[in-house]
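What the coordinates show
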Amino acid sequence: MADRQAWDLAFDPATGRRLTQQDVGNGNLLPSGRWPSFFSRVAARLQWDAKAIDLAPDARAWPELPDERRERLIALLAGFCVAEDAVAVHLAPFGDAANNSLVAWVLFLQRRDEQRHAMIFDRIVAEVLELPGDTKDERRDAARAHAPAGVLELFEERLPAMAGELAAGRTGVDTGIGLYHMILEGIVLAAGQCALLADLDDGALPGVRQGVERVERDERWHIGFGLRCLVEARPSPEVIDGVLASAQDAAGAWGDAVPREICEAVAPNCRRRLAVAKLLEPRAAAV
Ligand SMILES: [Fe+2]
Ligand SMILES: [Fe+2]
């Protein structure tokens, strides 16, 4: 029991599922010294091929969808095209900042996932939405015109600015993970995935749905891993306050593309995760 950590009593990082006391059992879920290896095993189990998903039925179905539905889906899918590319690029400085070779290895595995996510959304905008562009970069430029302004601001301004500060050693890894894993992945991308999965529940675009399901499964371990890194980083009360303040607005970054009820369901997850990880306690003690 001594090395069982408080947060893994209630949260399974591999699935994002809340654990009950029965689920936890008597053993140690994640002994403290081995936690990076745990995440590398989860990553290995979840590998998939973004080139293998068949998007041909989706391409045939797309022109038949009602205009209003297509407009909402374009905003979401173009937003993911921009966002996944940005997170794949700007995860790079976290490896050095982590100052731990095992954690850096898991960050490498996460970055490989993000590159795979960028690839499936590039395929979707090229093959299903048929956005113009002969290269991935040209198609991402085309996607920008359709992505919600709030998503562009977070992923193309705030994220690169933070990554630059992290690479220069002017900001801590706790601030970086607070934005990247807790806000961008844990709130913004999660709200977008939830909206896409709900919209595509009728099987209208089966290949797109399959891709989003795979991405969402990967993101669960990324968020759990980020939370575990944050526990290790011992963030200051100011960093935690900053994360909580950003979480309030982050779910709204998608504008009308994500229904209000999804935003309201996802937004409290940031505080819940920090509470489960016992990261709100030092903050309360400092008040
Ligand atoms: Fe991703
Ligand atoms: Fe991710």
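This structure is a prediction, so every number in the text was calculated from the model and none was measured.

Notes on the overall build of the protein chain
Each helix and strand counted, the protein chain has 14 helices and 0 strands in total. Going residue by residue from the N terminus, the α and β elements of the protein chain occur as α-α-α-α-α-α-α-α-α-α-α-α-α-α. Looking at the 287 residues of the protein chain, the share that counts as buried comes to 46%. Long-range contacts, defined here as pairs at least 24 residues apart, represent 80% of the contacts in the protein chain between residues at least 6 apart.

Things to note about the environment of Asn-269
Among the structural elements, Asn-269 can be located in helix H13 (residues 269-276). Take Asn-269: there are 18 C-beta atoms within 10 Å of it, and that puts it in the partly exposed class. Along the chain, Asn-269 and Ala-190 lie 79 residues apart, while their C-alpha atoms are 9.9 Å from each other.

Topic: helix H4 (residues 67-90)
With 24 residues, H4 extends 34 Å between its outermost C-alpha atoms, agreeing within 8% with the 34 Å of an ideal straight helix rising 1.5 Å per residue. For H4, the buried fraction is high: 17 of the 24 residues fall into the buried class.

A word on helix H9 (residues 173-199)
One turn of an α-helix holds 3.6 residues; hence residues three or four places apart share an orientation. Of all the bends in H9, the greatest measures close to 40° and is centred on Leu-184. With 25 of 27 residues buried, H9 is to be regarded as a mostly interior element.

Considerations on the nonpolar core
Residues Leu-77, Val-125, Ile-183, Leu-184, Ile-187, Val-188 and Ala-191 are the most contacted members of the largest nonpolar core, which totals 85 residues. A per-element tally of this core places H9 first, with 15 residues. Ignoring sequence-local partners within four residues, the contact set of Leu-184 consists of Val-87, Leu-154, Phe-155, Leu-159, Leu-179 and Leu-189.

Focus on the environment of Ala-43
By secondary structure assignment, the location of Ala-43 is in helix H2 (residues 35-45). Residues Ala-43 and Trp-221, 178 residues apart in the sequence, show an inter-C-alpha distance of 7.7 Å. Non-local contacts of Ala-43, meaning those with residues more than four positions away in its chain, are made with Leu-109, Asp-113 and Trp-221.

Looking at the packing of H4 against H9
For the pair H4 and H9, the least separation of the axes is 11 Å and the interaxial angle reads 145°. In the packing of H4 onto H9, the handedness of the crossing is left-handed. Contacts between H4 and H9 involve Arg-72, Leu-73, Leu-76, Gly-79, Phe-80, Ala-83 and Val-87 from the former and Leu-184, Leu-189, Gly-192, Ala-195, Leu-196 and Asp-199 from the latter. By residue class, the composition of the contact of H4 with H9 is 9 nonpolar, 2 polar and 2 charged.

Quick look at the environment of Glu-156
Within the secondary structure, Glu-156 is located in helix H8 (residues 149-167). Here the alpha-carbon distance between Glu-156 and Ala-83, two residues 73 residues apart in the chain, equals 7.9 Å. Residues in contact with Glu-156, not counting those within four places in the same chain, are Val-82 and Ala-86.

Structural notes on the confidence of the model for the protein chain
Summing up the model confidence of the protein chain, the mean pLDDT is 89 and the portion of residues at 70 or higher is 86%. Contacts of residues 1-11 to residues separated by more than four positions or lying in other chains number 25 contacts, the stretch itself having pLDDT below 50. Considering only residues more than four positions removed or in separate chains, one finds that residues 24-31, a stretch of pLDDT under 50, has 12 contacts.

Remarks on unusual backbone geometry
Phi is positive for Glu-130, close to 55°, though the residue is something other than glycine. Here Glu-130 is to be found in the loop between helix H6 (101-128) and helix H7 (136-144). In the Ramachandran plot, Arg-234 falls in the positive-phi region, its phi being about 50° despite a non-glycine side chain. For Arg-234, the location among the structural elements is in the loop between helix H10 (206-233) and helix H11 (237-250).

Quick word on the packing of H9 against H13
Describing two packed helices takes the angle between their axes plus the distance from one axis to the other. For the pair H9 and H13, the least separation of the axes is 10 Å and the interaxial angle reads 125°. In terms of orientation, H9 and H13 fall into the oblique class. For the element pair H9 and H13, the recorded crossing hand is right-handed. Facing Met-182, Ile-183, Gly-186 and Ile-187 of H9, the residues of H13 in contact are Asn-269, Cys-270 and Arg-273. Residue composition of the contact of H9 with H13, by class: 4 nonpolar, 2 polar and 1 charged.

Calculation criteria
Residues numbered from 1 in each chain as written. Chains lettered and ligands numbered in written order. Predicted model: local features only at pLDDT ≥ 70, side-chain atom pairs only at ≥ 80, totals over all residues. Helix = DSSP H or I, 4+ residues; strand = E, 2+ residues; numbered from the N terminus. Buried ≥ 20, exposed ≤ 12 C-beta atoms within 10 Å, placed from the backbone. Contact = placed C-beta atoms within 7 Å. Expected span 1.5 Å × (residues − 1). Bend = angle between axes of the 7 residues up to and from the residue. Core = buried A, V, L, I, M, F, W, Y, C linked by C-beta atoms within 7 Å. Axes fitted to C-alpha atoms, helices over the stretch in contact; angles between N-to-C directions. Left-handed = near helix turned anticlockwise from the far one by under 90°. Nonpolar A, V, L, I, M, F, W, Y, C, P; charged D, E, K, R; others polar. pLDDT = per-residue confidence, 0-100. Parallel < 35°, antiparallel > 145°, perpendicular 65-115°, else oblique.

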